[in-house]
Amino acid sequence: MICRQLYFVTITLALTRCVIAEAIDEIELEHFCYPEQHKNIRKSCECSNEDSPPWGIRAINIDCSYKILKTSDFSEVLPLYVNTLDLSWNTMDEVPTLASDSLRVLNVMHNNISTLTNKKFVKVSYIRELYLGWNSIQSIELSTFDELAHLQVLDLSHNNIHMLGLQLFRSL
């Protein structure tokens, strides 16, 4: 009888921790998508929460396109479970430094980015798709993509790139 009660208490505690973690995740997502300084104005991002097939793993897609955002408007750490981050059609002059183990797609097309610097993607190393087209990129430092071993799609189209270093894509 005592074993059953102990087992029940253990299961209850584990479930309570999961519910608390989910509540914290929701609060974190709310603060990222709708920060106090941007609440109820055009600069708030659109966030959608969905289950990602085939295992039903939670995935969050954040759309911050067309918000006239600058690089400085972003915090480094993204909410848990972020799968896609769309920062296209803004006024960013560089790719923001981001940190996430779950980010798979990053879109920063149609901004004012002119340079891609070394180690910019170190803390988002699981990115599979990176869209950098339609910027003003003129130079890409040699170690820019070194940490992106999972990268499958890299779009650098419609930029001002005239020369690429031979070792630029060695890690891809």
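Residues numbered from 1 in each chain as written. Predicted model: local features only at pLDDT ≥ 70, side-chain atom pairs only at ≥ 80, totals over all residues. Heavy atoms only, no water.

**Let's talk about the state of the cysteines**
- In total, this model carries one disulfide according to the counting rule given.
- Across the disulfide from Cys-45 sits Cys-64; the S-S distance is 2.0 Å. In this structure, the disulfide formed by Cys-45 and Cys-64 twists by about 110° around the S-S bond and is classed as right-handed. You can see Cys-45 sitting in the loop between helix 1 (2–33) and strand 1 (46–52) and its partner Cys-64 sitting in the loop between strand 2 (57–63) and strand 3 (82–86), a full 19 residues away along the chain. An identical accessibility class is assigned to Cys-45 and Cys-64; each is buried. (Disulfide = S-S within 2.5 Å. Helix = DSSP H or I, 4+ residues; strand = E, 2+ residues; numbered from the N terminus. Buried < 20%, exposed > 50% of the residue type's maximum accessible area, 1.4 Å probe, protein only.)

**Comments concerning the packing of aromatic side chains**
- For the structure shown, the criterion picks out two aromatic pairs.
- For the pair Phe-121 and Phe-145, a centre-to-centre distance of 6.3 Å together with 10° between the ring planes defines the contact as stacked. With Phe-121 in the loop between strand 5 (115–116) and strand 6 (129–131) and Phe-145 in the loop between strand 7 (139–140) and strand 8 (153–155), this pair connects stretches of sequence that are 24 residues apart.
- On the basis of relative accessibility, which here comes to 2%, the residue Phe-121 falls in the buried class. (Phe/Tyr/Trp six-rings, centres within 6.5 Å; stacked < 30°, edge-to-face > 60°.)

**Points about the side chain of Asn-135**
- Within the fold, Asn-135 resides in the loop between strand 6 and strand 7.
- Its relative accessible area of 7% is what places Asn-135 among the buried residues.
- For Asn-135, the side chain forms a polar contact with the main-chain oxygen of Leu-132, separated by 2.9 Å.
- Here Gly-133 takes part through its backbone oxygen, which lies 3.3 Å from a polar atom of the side chain of Asn-135.
- Not counting residues up to four positions away in its chain, the partners in contact with Asn-135 are Val-108, Met-109, His-110, Asn-111, Asn-112, Ile-113, His-158 and Asn-159. (Polar contact = N/O pair within 3.5 Å; in protein donor to acceptor, adjacent residues only side chain to side chain. Contact = heavy atoms within 4.5 Å.)

**Quick look at a nonpolar patch on the surface**
- Together, Leu-164, Phe-169 and Leu-172 give the surface a local cluster of nonpolar side chains, amounting to about 240 Å² of exposed area.
- Mapped onto the elements, Leu-172 comes out in the segment after strand 8. (Patch = residues over 30% accessible without salt bridge, like charges linked within 9 Å, V, L, I, M, F, W, Y side chains within 5 Å. Areas by Shrake-Rupley, 256 points an atom, 1.4 Å probe, with all protein chains shown as cover. Salt bridge = Lys/Arg side-chain N within 4 Å of Asp/Glu carboxyl O.)

**So, the pairing of strand 2**
- For strand 2, the tally of buried residues reaches five of seven residues, placing the bulk of the element in the interior.
- With four bridges connecting them, strand 2 and strand 3 associate as parallel partners. Each residue of the ladder has a partner; that of Ile-62, found in strand 3, is Leu-85. (Pairing = 2+ DSSP bridges.)

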